[in-house]
Amino acid sequence: MTHRLAPLLLGAALCLAATMPARAQELSDCGDFRTDARNIPEPWEASTRTFANGEVRLVLLDTIEPAAAPYHLMILSPPYDEVGGRQCKVLSREGRSGWAGVQFDLLEAGYDPATGLTLTLPAMIWLPEKNFVNSTLVTITLNQSTGEIGVTQQLGNE
């Protein structure tokens, strides 16, 4: 009887895994190699977007290495510091590894006063331990009043 249940249990586990958020992303302060201006893919106009009347900027970064996961995102947003600079955060998938690909041209934005600015874009993750690539949807929420940034990642259904 258990050999008949195994495929059902495996299928259920795979469906559950596809709907659960992937590993936590890493949001850290700017200032390391990832946020170097030379990592902004050309043309720069295609790799950066502004929101909230220019107060918020999202920038695609390509660090070239690691080759299987070089894409990161830089977020410039309120609050401002004492000299007028915005907070600067870099978002990576895990540690200093980014995503295998980011479809920046498919970036969508929305605003809800209760949650703040929401940015959503499709990306690709590489799982080195499995030598596997999967699609994912990255969602960033930003509260401009507090500067709080939340990130979730939803795996695709491959």
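Described below are features of the structure shown in this document.

Conventions used here
Residues numbered from 1 in each chain as written. Predicted model: local features only at pLDDT ≥ 70, side-chain atom pairs only at ≥ 80, totals over all residues. Heavy atoms only, no water. Helix = DSSP H or I, 4+ residues; strand = E, 2+ residues; numbered from the N terminus. Buried < 20%, exposed > 50% of the residue type's maximum accessible area, 1.4 Å probe, protein only. Disulfide = S-S within 2.5 Å. Pairing = 2+ DSSP bridges. Axes fitted to C-alpha atoms, helices over the stretch in contact; angles between N-to-C directions. Core = buried A, V, L, I, M, F, W, Y, C linked by side-chain atoms within 4.5 Å. Contact = heavy atoms within 4.5 Å.

Moving on, we come to the overall build of the protein. Per the secondary structure count, the protein includes 1 helix and 10 strands. Beginning at the N terminus, the succession of helices and strands in the protein can be written as α-β-β-β-β-β-β-β-β-β-β. For the protein, with 158 residues in total, the buried portion stands at 39%.

Further remarks concern the state of the cysteines. According to the stated counting rule, one finds 1 disulfide in the structure shown. A sulfur-sulfur separation of 1.9 Å characterises the disulfide bridge that pairs Cys-30 with Cys-88. Taking the sign of the S-S torsion, -75° for the link of Cys-30 and Cys-88, the bridge is left-handed. Highlighted residues: Cys-30 in the loop between strand E1 (26-29) and strand E2 (48-51) and Cys-88 in strand E5 (residues 86-92), separated in sequence by 58 residues. Residue classification places Cys-88 among the partly exposed residues on the basis of a relative accessible area of 21%.

We now examine the sheet that holds strand E3 (residues 56-62). The 5 strands lie next to each other as E1-E5-E4-E3-E2, forming an open sheet whose pairing is antiparallel. Strand pairing shows two members of the sheet lacking a second neighbour, E1 and E2, which therefore form its edges. For this sheet the average axis-to-axis angle between neighbouring strands, irrespective of direction, equals 25°. Two elements, E3 and strand E4 (residues 71-80), share 6 bridges in a ladder whose sense is antiparallel. Bridge pairing links Leu-61 to His-72 in E4.

Looking now at the environment of Ala-114. As for its placement among the helices and strands, Ala-114 is situated in the loop between strand E7 (108-112) and strand E8 (116-127). Given a relative accessible area of 69%, Ala-114 falls into the exposed group. In sequence terms Ala-114 and Asn-143 are 29 residues apart; their C-alpha atoms lie 9.2 Å from each other.

Attention now moves to the nonpolar core. Counting 22 residues, the largest nonpolar core has Leu-58, Leu-73 and Ile-140 as the members making the most contacts within it. Elements that contribute at least two residues to this core include exactly E3, E4, E8, strand E9 (132-142) and strand E10 (149-155). Per element, the largest residue contribution to this core is 6 residues, and it comes from E8. Sequence-distant contacts of Leu-73, that is, excluding residues within four places in its chain, are made with Leu-58, Val-59, Leu-60, Leu-61, Lys-89, Val-90, Leu-91, Phe-104, Leu-121 and Ile-140. In terms of nonpolar packing, the next biggest core, distinct from the first, is built from 5 residues, Ile-40, Val-59, Met-74 and Val-90 among them.

Summarising the element assignment, Arg-93 is placed in the loop between E5 and strand E6 (101-102). Classification of Arg-93 as buried rests on a relative accessible area of 4%.

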